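Listed here are the chains, written in short residue letters.
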Amino acid sequence: MNNESMITQAQLTSSKAMPIDFGRNFPPPSLVVERALTDTFAHLGGTNIADAIRFPRFMGTVSDREAAATWISRRLGQTPHVDRVVLTNGSQSILAMLMARFVRPGGVLLTEELTYPAIKPLSALFGIELRAVAMDAEGIDPGSLDRTCVELGDNARALYCMPTLHNPTSATMSEARRKDIATVVRRHDLWVFEDDIYGILPQQAPPPLALYAPERSWYILGLSKSLAAQLRVAYVVAPNSDVARDAFWPGVRTTNWMVAPLVAEVTARWLASGIGSEILQSVRIETLRRRALAASILPHIQISNYHLWIELPEAWQLNSFVKSALDAGVVVGRGDSFAVNNQRGDRMFRIGLGVPPDQDELVRGLRAVGSLLDTSSERVEPMKGRSLSTATTGDSPTNDTDLHVCFISEEAGFDLRTTELAPAPAKPIPAYPDAKVAFHVGAYCGSTLASVATFVLEDMESAQEGPSSGRSWRIHGMATAKGFRRVGFASAVLDHGLREIRRRGGLLVWCTGRTTASSFYLHHGFDRIGEERHVPRLPPHYRFKRTIGWPHHS
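*Asks:* What is the right way to look at the packing of helix α11 (residues 275-297) against helix α13 (residues 359-374) in this model?
*Replies:* For any two helices packed against each other, one specifies the crossing angle of their axes together with the interaxial distance. With their axes 10 Å apart at the nearest point, α11 and α13 run at an angle of 30° to one another. Taken together, the axis directions place α11 and α13 in an arrangement best described as roughly parallel. When the axes of α11 and α13 are compared, the crossing they make is right-handed. Across the interface between the two elements, Glu286, Arg289, Arg290, Leu293, Ala294 and Ile297 from α11 touch Gln359, Leu362, Val363, Leu366 and Arg367 from α13. Residues belonging to the contact of α11 with α13 are distributed by class as follows: six nonpolar, one polar and four charged.

*Asks:* What should I look at first to understand the pattern of salt bridges in this one?
*Replies:* One side chain can pair with another of opposite charge once the charged atoms of both are near each other. Here the structure, examined in full by the defined rule, presents 22 salt bridges. A salt bridge links Asp21 to Arg24, with the nearest nitrogen and oxygen atoms 2.6 Å apart. Overall, Asp21 belongs to the buried group, its relative accessible area being 7%. As a salt-bridge pair, Arg344 and Glu113 come within 2.5 Å of each other at their nearest N and O atoms. Here Arg344 is found in the loop between β14 (333-334) and β15 (348-352), whereas its partner Glu113 is found in the loop between β3 (108-112) and α6 (119-125), with 231 residues between them in sequence. A relative accessible area of 30% means that Arg344 is categorised as partly exposed. Residue Glu113 is classed as buried on the basis of its relative accessible area of 11%.

*Asks:* Looking at this model, I keep getting lost on the confidence of the model for the protein. Mind explaining?
*Replies:* Interpretation of this model should avoid reading the predicted coordinates in detail wherever pLDDT is low. For the protein, the average pLDDT comes to 85, and 87% of its residues sit at 70 or higher. The low-confidence segment residues 377-401 (pLDDT under 50) makes 79 contacts with residues lying over four places distant or belonging to another chain.

*Asks:* Where do I start with the sheet that holds strand β9 (residues 217-222) in this structure?
*Replies:* Strands belonging to one sheet form pairs held by backbone hydrogen bonds; the direction of such a pair is parallel or antiparallel. As summarised here, the arrangement of the seven strands in space is β2-β10-β9-β8-β7-β3-β4, forming an open sheet in which the pairing is mixed. If you trace the sheet from one side to the other, it starts and ends with β2 (85-88) and β4 (129-133), each paired once. Across the sheet, the mean angle separating the axes of adjacent strands is 20° when strand polarity is ignored. Taken together, the four bridges between β3 and strand β7 (residues 156-161) define a ladder with parallel strand orientation.

*Asks:* Can you help me understand helix α10 (residues 261-273) in this one?
*Replies:* Counting along an α-helix, one turn takes 3.6 residues, and residues three or four places apart therefore face a common direction. Taking 1.5 Å of rise per residue, 13 residues should cover 18 Å, and α10 covers 18 Å from first to last C-alpha, within 8% of that figure. Buried within α10 we find Pro261, Ala264, Glu265, Val266, Thr267, Ala268, Trp270 and Leu271. Residues of α10 that are buried make contact with α2 (31-45), α3 (49-52), α4 (62-76), β2, β10 (234-237) and α11. Once α10 ends, the next one or two residues include Gly274, with phi positive near 100°.

*Asks:* In this structure, what is going on with the packing of α2 against α10? I would like to understand it.
*Replies:* The interhelical angle for the contact between α2 and α10, taken along N-to-C directions, is 110°, at an axis separation of 11 Å. In terms of orientation, α2 and α10 fall into the roughly perpendicular class. Classified by chirality, the crossing of α10 by α2 is right-handed. Of α10, the residues touching α2 (which contributes Val33, Ala36, Leu37, Thr40, Phe41, His43 and Leu44) are Leu262, Glu265, Val266, Arg269 and Trp270. Classifying every residue of the contact of α2 with α10 gives eight nonpolar, two polar and two charged.

*Asks:* Sorry, what's going on with helix α9 (residues 241-248) here?
*Replies:* Inspection of α9 places Val243, Ala244, Ala247 and Phe248 among the buried residues, and these make up the whole buried set. Looking down the long axis of α9, one finds its buried residues gathered within 110° of arc, a one-sided arrangement. Tucked inside the fold, the buried residues of α9 contact β2, α5 (91-103), β8 (191-195), β9 and β10. You can read the cap of α9 off the contacts: a side-chain oxygen lies 3.1 Å from the backbone nitrogen of Asp242, and it is on Asn240.

*Asks:* Can you help me understand the environment of Ile94 in this one?
*Replies:* With respect to the secondary-structure elements, Ile94 resides in helix α5. Counting along the chain gives 153 residues from Ile94 to Ala247, while the straight-line C-alpha distance between them is 9.8 Å. Here Ile94 is in contact with Thr88, Ile220, Ala234, Tyr235, Val236 and Phe248, once residues within four sequence places are set aside.

*Asks:* How do you make sense of unusual backbone geometry when you look at a structure like this?
*Replies:* Peptide bonds are trans in most cases, and residues, glycine excluded, mostly fall at negative phi. A cis geometry characterises the amide bond from Asn167 onward to Pro168, with omega recorded as 20°. The backbone of Ser170 sits at a positive phi, close to 70°, despite the residue not being glycine. Summarising the element assignment, Ser170 is placed in the loop between β7 and α8 (175-187). Even without being a glycine, Asp189 presents a positive backbone phi close to 55°. Locating Asp189 in the fold gives a position in the loop between α8 and β8. The exposed category is assigned to Asp189, whose relative accessible area is 55%.

*Asks:* Teacher, can you tell me more about the packing of aromatic side chains here?
*Replies:* In this description, a pair of aromatic rings is defined by centroid distance and the angle of the planes. As enumerated under the stated definition, the model contains 16 aromatic pairs in all. Pairing Phe321 with Phe349 gives two aromatic rings, centres 4.6 Å apart and planes at 35°, and the pair type is tilted. Taken together, the residues span a long stretch of sequence, with Phe321 in helix α12 (residues 318-327) and Phe349 in strand β15 at a distance of 28 residues. Side by side, Phe321 and Phe349 carry an identical accessibility label, which is buried. Plain terms: the ring middles of Phe407 and Phe439 are 5.9 Å apart, the flat faces sit at 85° to each other, and that makes the pair edge-to-face. One end of the pair, Phe407, is in strand β16 (residues 402-408); the other, Phe439, is in strand β17 (residues 438-445), with 32 residues separating them in the sequence. Looking at Phe439, the relative accessible area reads 4%, which means it is buried. Here a set of aromatic residues connected by ring pairs shows up, and it is made of Phe102, Trp191, Trp218, Phe248 and Trp257.

About the criteria used
Residues numbered from 1 in each chain as written. Predicted model: local features only at pLDDT ≥ 70, side-chain atom pairs only at ≥ 80, totals over all residues. Heavy atoms only, no water. Axes fitted to C-alpha atoms, helices over the stretch in contact; angles between N-to-C directions. Helix = DSSP H or I, 4+ residues; strand = E, 2+ residues; numbered from the N terminus. Parallel < 35°, antiparallel > 145°, perpendicular 65-115°, else oblique. Left-handed = near helix turned anticlockwise from the far one by under 90°. Contact = heavy atoms within 4.5 Å. Nonpolar A, V, L, I, M, F, W, Y, C, P; charged D, E, K, R; others polar. Salt bridge = Lys/Arg side-chain N within 4 Å of Asp/Glu carboxyl O. Buried < 20%, exposed > 50% of the residue type's maximum accessible area, 1.4 Å probe, protein only. pLDDT = per-residue confidence, 0-100. Pairing = 2+ DSSP bridges. Expected span 1.5 Å × (residues − 1). Arc of directions from axis to C-beta. Polar contact = N/O pair within 3.5 Å; in protein donor to acceptor, adjacent residues only side chain to side chain. Phe/Tyr/Trp six-rings, centres within 6.5 Å; stacked < 30°, edge-to-face > 60°.

Here is the structure:
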């Protein structure tokens, strides 16, 4: 049963509220989208919009394709000629046209061994065989691709792949790997259908595979997974204008791959006016917030953009886990729906972070999933070959699209502390030489340390000691870089530290926090103790404390 069917069944058979939807993968809601829609419809109401959208746009008007080409240049690094750009109503429509034209019934389409689930029913519709190619931490293994092509000979017609932020594993090919793949596809004369639907989400990502084999690549960039689910629009850049026309124009009278004129009009205006860029930035910021929350609630799971790819503990089977999750009010994506010719997904599931309408619902759903995973004594690990979101001391992230919360050395956080905690005097390393037990936590955005804190086993003053004596922990030196404040990084560090203190049997945590940070500590369940304190050379501050319990989010 697919995710949509399970949601429908839950609606019909249960009086409970709709399940929290982690099964689909869309960008988080953005207030910019709501404002943009309101402003756009108000503007269109004052124009002769009826004439503008009276007829089909077919492959897109010149203005449609000019706006698209400029947007696509963000990834290609150059603006493709508009005659190479085709406007469509989604990536699936593009793939249907390409598969029918270049693979054809009886041919073989090569894919990663875990792939976009829609590829399987599409291939079945056209009588096309799918053949899986082995993956490693970077995505497609060039050696496996080469061997598979040799085995299949002329029957291998094309390769469908997702080199950047692969769905579902989040693997991203290095530039060297992309060059190797380009060499193999040229050797075996394969067409390449490159799906880059997530590629625009990171601030930086390797250049598309299409740049390494442009004469045979169809570069696909959709908007529904990076800007807004309301924009059912995708662009494809063909190797040249002639093959673009040959592949798509014959279908205008027999298929429905063309985008609706009203949607095309709205999209072109958003991209040309800069609203698209504003939406993209808002999606990136909200994605960071959600990733930070996920990292704090599921600390042993890799977090990459807005989905998680999770291996089940040994105690669970996929069917029973999916059913238990639904009983707990959560829909997850089945791992086996991504697998091609293999069982790679039989013990995996995917969580999409973008569909829940707000952070409250997101947190409730993640806690429900975490409770199910915690029923096993086995520690949950991400896919073999991928880095953990919680690393060992001294490790640092290598992928600039990942958010990591991990234990770090004291030295690792020194520069951030001395920069952000001024005018407090810089302390030597170690800054807490009398601490018998301490650990340090950092939150990274890619290779950048965004937030840090130290947790020391230390009682409060004797007058305030009680049952927690000897089991109290103090927070020292919490600091967050300016560009990463108010988006969840500090919360991720704090929650990670509280989990570790709870694991070590701690009963109370306390700190001396600046007055300006009061709202942060109060938000996380701390009580403010006594009056505001004033110490020479230090900013005004309070004493805060809280008992250890489940990480707090409002």
